[in-house]
Amino acid sequence: MMPATLGRILIIDDDLNILHGYRRMLGRRYEVEIAEGPREGLQKALSGEQYAVIICDLHMPKVDGLSLMAKVRELSPHTIRIILTGSLDNSNALDAMNDGIIFRYLTKPCRLEVLSRCIDEGLAFHRQALLAERMRGQTLVGLALLMADLFSVQEPQLAGSAPRIHALVSQMARRLALPEAWEFEVAAALCKIGLVSLPPALKTCLSQGLELTSAQAELVAQNPQRAASFLEPLSDLAEVAQMLAAAGKPLPPVAGTCMLAAPRWLIGAQLLRLANDYEKQRAVQPNALAALQALRQAASDYYPEMLDCLVAMVTEECKCKTTLSLDKLQPGMVLAEDLLSHRGQMLIARGQTITPATLGFLGHRREFGFDLPGIASIQTQSIANRASAGAA
């Protein structure tokens, strides 16, 4: 999949001659692609290519332009949508513009200067929307990571694989070029936060690896729903809450379905499920490649492109590890293996990015004479490093 550019435009019409005319007129100034009819237009809109502007004829066979634009808004809300119509009755187009389905409607025949001015306005609006969304996303991801980092330091046994799940989901979302990837990152960062509200006695059982009663196990299993409930009052995170809640329930089958046509909550829930399932297998299998093989045996449970992406990421990561003494650890490094005390107590979970907070935690333990290991296994090129680089 290609990353979005600020000027990529898709024009959809059922008349190929008209399409070629638009491409000749607009191609010198913009990056123009064409699609003949609604079926090809929808395929291109769902292909993973992210268009800044989509221009569509209103009246086409089988699928009208407004229905197509409503689908585009659902999948790519920041894409600017413009309708061209030759009809004298524009009431439907006006209603669609008032409802936010389209940005503008223009009547045919449309002069080049009018169409170009409308495209320029759309591109400017698109740039502003992307900038605002990026700033909002970075702020929310930063706050979520701060909460997750504090949770990992205070409750390393409970946080467990949370840092690793966040790194996996973040990198998969970026490799798959999913729009508004920050929502998936926030969901992954907070995927274990529901465990905060567990009774202290149950937290102790989990930390010590004790066998749980059926009632206790049920409380732990409700973590995704509790995490989602924490976010429900926050309107900006409504879809993140939906992803978290769905990840804790049986998901609809995905075999033979198109990932990019799925609702965002389902894509997010599947990302969380795949990353969590990998971490579960990683805990019981002898190595990462064996964990991947176990996932392949249940491949029908996951979108093929997600599973292929995870396999590529983990395979690359397996080739890049080194060891360092604890006094050489620096912020930004990522643990390749759990950092355990000599007595086997979990200090920092595998996959967690070293931060000033984690270094302070280790420093305090050293100052007060607590049991610390001499070395740590570090990823020289980790999924978490690549996810952080992509976010920046």
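None of the values given here were measured: they were computed from a predicted structure.

Is there a simple way to explain the overall build of the chain in this structure?
A tally of regular secondary structure across the chain gives 17 helices and 10 strands. When burial is assessed residue by residue, the chain has 48% of its 392 residues classed as buried. In the chain, the share of contacts with a sequence separation of at least 24, taken over all contacts with a separation of at least 6, comes to 65%. Working note: accessible area of the chain is about 18,800 Å², and carbon and sulfur atoms make up 56% of it. When the 38 basic and 40 acidic side-chain charges of the chain are each reduced to a single mean position, those positions are 4 Å apart.

What exactly am I supposed to notice about helix H9 (residues 200-208) here?
For an α-helix, the turn length of 3.6 residues means that residues three or four places apart are oriented alike. Listing the buried residues of H9 in full gives Leu202, Lys203 and Cys205. Projection of H9 onto a plane perpendicular to its axis shows the buried side chains occupying an angular sector of 160 degrees, all on one side. Projecting away from the buried face of H9 at angles above 90 degrees are the exposed residues Pro200, Ala201 and Gln208. Residues of H9 that are buried in the fold lie against helix H6 (156-159) and helix H10 (214-221). Immediately beyond the C-terminal end of H9, within one or two residues, lies Gly209, with a positive phi of roughly 70 degrees.

Can you walk me through the packing of aromatic side chains in this structure?
Two aromatic rings are characterised by how far apart their centres lie and by the angle between their planes. Under the definition given, this model contains 1 aromatic pair. Relative to Phe125, the ring of Phe103 lies with its centre 5.6 Å away and its plane at 40 degrees, an arrangement referred to as tilted. Of the two residues, Phe103 sits in the loop between helix H4 (91-98) and strand S5 (104-107) while Phe125 sits in helix H5 (residues 112-154), which places them 22 residues apart along the sequence. The exposure class of Phe103 is buried, given its relative accessible area of 14%. The positively charged end of Arg104 is found above the aromatic ring belonging to Phe103, 4.2 Å away from the centroid.

Help me understand the confidence of the model for the chain in this model?
Low pLDDT marks stretches whose predicted atomic positions should not be read closely. Here the chain averages 84 in pLDDT, while 94% of its residues score no lower than 70. For residues 1-5, every residue scores under 50 in pLDDT, and the model assigns this stretch 13 contacts once sequence neighbours within four places are set aside.

I'm lost on the pattern of salt bridges in this one. Help?
Between side chains of opposite charge, a pair can form when the charged atoms approach closely. Inspection of the entire model under this criterion finds 16 salt bridges. The salt bridge partner of Lys44 is Glu40, with a shortest N-O separation of 3.9 Å. Of the two residues, Lys44 and Glu40 are both situated in helix H2 (residues 37-45); the distance of 4 residues between them amounts to about one turn of the helix. Lys44 gets classed as partly exposed once you look at its relative accessible area, which sits at 24%. Across the pair Asp236 and Arg136 runs a salt bridge whose closest N-O atoms are separated by 3.4 Å. One end of the pair, Asp236, is in the loop between helix H11 (223-231) and helix H12 (238-247); the other, Arg136, is in helix H5, and 100 residues separate them in sequence.

For this particular structure, what's the right way to read the packing of helix H8 (residues 182-189) against helix H13 (residues 264-284)?
Packed helices, taken two at a time, are described by the angle their axes make and the gap between the axes. In contact at an axis separation of 10 Å, H8 and H13 are set at 45 degrees when each is read in the N-to-C sense. With respect to their mutual orientation, H8 and H13 come out oblique. In this structure, the crossing between H8 and H13 has a hand that is right-handed. On H13, the residues touching Glu183, Phe184, Ala187 and Ala188 of H8 are Arg264, Ile267, Gly268, Leu271 and Leu272.

Would you mind showing me how to read the sheet that holds strand S7 (residues 334-335) here?
By way of backbone hydrogen bonds, the strands of a sheet pair with one another, either parallel or antiparallel. The strand order across the open sheet formed by 3 strands is S6-S10-S7, and the pairing between neighbours is antiparallel. Each end of this open sheet is capped by a strand with a single partner; those strands are strand S6 (321-325) and S7. In this structure, S7 lies alongside strand S10 (residues 375-379), joined through 2 bridges in antiparallel fashion. Bridge pairing in S10 places Val334 opposite Gln379.

How should I be thinking about the side chain of Ser377 in this particular structure?
Relative to the helices and strands, Ser377 resides in strand S10. Judged by its relative accessible area of 19%, Ser377 falls in the buried class. Not counting residues up to four positions away in its chain, the partners in contact with Ser377 are Thr322, Thr323, Val334, Leu335, Ala336 and Glu337.

Even after reading the chapter, I still don't get the environment of Phe125, so can you show me in this structure?
Judged by relative accessible area, which is 45%, Phe125 ranks as partly exposed. Sequence-wise, Phe125 and Thr79 are 46 residues apart; in three dimensions their C-alpha atoms are separated by 9.5 Å. Look past the residues within four positions of Phe125 in its chain and what remains in contact with it is Ile80 and Phe103.

Got a minute to help me understand unusual backbone geometry in this structure?
Working note: non-glycine residues mostly have negative phi, and peptide bonds are mostly trans. Residue Lys108 is joined to Pro109 through a cis peptide bond whose omega torsion reads -5 degrees. With respect to the helices, strands and loops of the structure, Pro109 is situated in the loop between S5 and H5. Here the phi dihedral of Ala177 falls at roughly 55 degrees; this positive angle occurs in a residue that is not glycine. With respect to the helices and strands, the residue Ala177 is situated in the loop between helix H7 (162-175) and H8. Relative accessible area serves as the criterion here: at 16%, Ala177 is assigned to the buried category. For Glu180, which is not glycine, the phi dihedral falls at a positive 50 degrees. With respect to the secondary-structure elements, Glu180 resides in the loop between H7 and H8. What makes Glu180 buried here is its relative accessible area of 18%.

What counts and how
Residues numbered from 1 in each chain as written. Predicted model: local features only at pLDDT ≥ 70, side-chain atom pairs only at ≥ 80, totals over all residues. Heavy atoms only, no water. Helix = DSSP H or I, 4+ residues; strand = E, 2+ residues; numbered from the N terminus. Buried < 20%, exposed > 50% of the residue type's maximum accessible area, 1.4 Å probe, protein only. Contact = heavy atoms within 4.5 Å. Areas by Shrake-Rupley, 256 points an atom, 1.4 Å probe, with all protein chains shown as cover. Lys, Arg positive; Asp, Glu negative; His and termini not counted. Charge placed at Lys NZ, Arg CZ, Asp CG, Glu CD. Arc of directions from axis to C-beta. Phe/Tyr/Trp six-rings, centres within 6.5 Å; stacked < 30°, edge-to-face > 60°. Lys NZ or Arg CZ within 6 Å of the ring centre and 35° of its normal. pLDDT = per-residue confidence, 0-100. Salt bridge = Lys/Arg side-chain N within 4 Å of Asp/Glu carboxyl O. Axes fitted to C-alpha atoms, helices over the stretch in contact; angles between N-to-C directions. Parallel < 35°, antiparallel > 145°, perpendicular 65-115°, else oblique. Left-handed = near helix turned anticlockwise from the far one by under 90°. Pairing = 2+ DSSP bridges.

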